[in-house]
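Each chain, letter by letter, is given below.
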Amino acid sequence: MAKIVAIANQKGGVGKTTTAVNLCAALHEMGRRVLLVDADPQGNASSGMGAGKARRPNVYDLLVEGVDAADCVVHTDYGDLIPTGKELAAASVELIDREEREFVLKKALMELFADYDYILIDCPPSLELLTVNALVAADSVLVPMQCEYYALEGLADLLTSIKMCSKRLNRRLQIEGLVLTMYDGRVNLTAQVAGELRSHLGSKVYETVIPRSVRLSEAPSHGQPGVIYDKTNKGSKAYRALAEEFVARAER
């Protein structure tokens, strides 16, 4: 039975999609059966997995047209993927009158539960119906966040949203953990924010931190996860370490 993890942050530009793609690829390298669901209309996770943004059927067809999840899966060298495209941007509007609209993704993924060890969902950078669907479908939420002041404010909003979702729609939903991204130990603010997070959230903050890396940023333009594009890069090594810590926590 798959563990479903939503990768979410209401603030953009924090390394959310980079984390989704590289964690997926690193788990695949470890021999885990992993599926990445690209629920962000920007479709960057689809590009990062080498699938492009024009493949159909995709997440839009899964949610709006009722296409079977298995028919939407694309097999890549870095793990399986349900891709997305620009048409997904209209899904929130098209689902608004649907009965139990918050549960559409959960019901759609049920047929795949036995096929994977992990299903990762890359969420949009906002609390909209697509993100709510991901939170309802998920067992837990992984939060990538940058070590800066505004990120702390955004985290408070996200934790409130998760608490509300857990109370009203998905009682099993938990915080999987926080991943510190774009980490630069030379900057005092980075250490201050990291220290504050660890003091308030303790073990929920992963020990592994993801450093700033130009090679990680270059990788999507080549249609590859960073852990594949440059295996010896410090960012790639960090994501492999994160995958090991993630598995150790999840399978404890």
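Now for a description of the structure that goes with this document. (Residues numbered from 1 in each chain as written. Predicted model: local features only at pLDDT ≥ 70, side-chain atom pairs only at ≥ 80, totals over all residues. Heavy atoms only, no water.)

Here we take up a negative patch on the surface. Where like charges cluster on the molecular surface, the negative patch consists of Asp68, Asp71, Glu111 and Asp115. Relative to the helices and strands, Asp71 resides in helix H4 (residues 69–72). (Patch = residues over 30% accessible without salt bridge, like charges linked within 9 Å, V, L, I, M, F, W, Y side chains within 5 Å. Areas by Shrake-Rupley, 256 points an atom, 1.4 Å probe, with all protein chains shown as cover. Salt bridge = Lys/Arg side-chain N within 4 Å of Asp/Glu carboxyl O. Lys, Arg positive; Asp, Glu negative; His and termini not counted. Charge placed at Lys NZ, Arg CZ, Asp CG, Glu CD. Helix = DSSP H or I, 4+ residues; strand = E, 2+ residues; numbered from the N terminus.)

This brings us to the sheet that holds strand E3 (residues 74–76). The strands making up a sheet associate through hydrogen bonds between their backbones, and the pairing can be parallel or antiparallel. With respect to topology, eight strands assemble into an open sheet ordered E3-E4-E2-E5-E1-E6-E7-E8, the strand pairing being mixed. Among the strands making up the open sheet, the edge pair consists of E3 and strand E8 (205–211). Across the sheet, the mean angle from the axis of one strand to that of its neighbour is 25 degrees, orientation sign disregarded. In the sheet, strand E1 (residues 3–7) pairs with strand E6 (residues 140–146) via three bridges, with the strands oriented parallel. The residue bridging Val5 from the neighbouring strand is Ser140, located in E6. Across the sheet, helix H7 (residues 129–137) is in contact with E1, strand E5 (118–122) and E6; its angle to E1 comes to roughly 150 degrees. Each of E1, E5, strand E7 (174–183) and E8 is contacted by helix H12 (residues 234–250), which is oriented at about 165 degrees to E8, the strand it contacts most. (Pairing = 2+ DSSP bridges. Axes fitted to C-alpha atoms, helices over the stretch in contact; angles between N-to-C directions. Contact = heavy atoms within 4.5 Å.)

One pass over the full model with this rule turns up zero disulfides. Not engaged in a disulfide, the cysteine Cys123 finds its nearest cysteine sulfur in Cys165; these two sulfurs lie 10 Å apart. Overall, Cys123 belongs to the buried group, its relative accessible area being 0%. (Disulfide = S-S within 2.5 Å. Buried < 20%, exposed > 50% of the residue type's maximum accessible area, 1.4 Å probe, protein only.)

Here we come to helix H9 (residues 188–201). End to end, H9 covers 20 Å across 14 residues, agreeing with the expected 20 Å (1.5 Å per residue, within 8%). Taken together, the buried positions of H9 are occupied by Thr190, Val193, Ala194 and Leu197. For H9, the angular spread of the buried residues around the axis is 100 degrees, confining them to a single face. Residues Asn188, Gln192, Ser199 and His200 are exposed on H9 and point more than 90 degrees away from its buried face. Tucked inside the fold, the buried residues of H9 contact E6, helix H8 (149–168), E7 and E8. Phi turns positive one or two residues past the end of H9, at Gly202, with a value near 55 degrees. (Expected span 1.5 Å × (residues − 1). Arc of directions from axis to C-beta.)

With an omega of 0 degrees, the peptide bond between Arg56 and Pro57 qualifies as cis. The residue Pro57 is located in the loop between helix H2 (44–48) and helix H3 (59–65) in this model. With a phi angle near 50 degrees, Met182 is a residue other than glycine that sits in the positive phi range. You can see Met182 is positioned in strand E7. Accessibility expressed as a relative area gives 25% for Met182, which makes it partly exposed.

In terms of burial, E6 is largely enclosed, as seven of its seven residues are buried. The side-chain alternation of E6 yields two buried faces, one formed by Ser140, Leu142, Pro144 and Gln146 and the other by Val141, Val143 and Met145. As defined by bridge partners, E6 adjoins E7 across seven bridges and the pair is classed as parallel. Looking at the pairing, Leu142 lines up with Gly177 of E7. On the question of chirality, the crossover connecting E6 to the parallel E7 by way of H8 is right-handed. (Right-handed = clockwise from strand over helix to strand, strands pointing away.)

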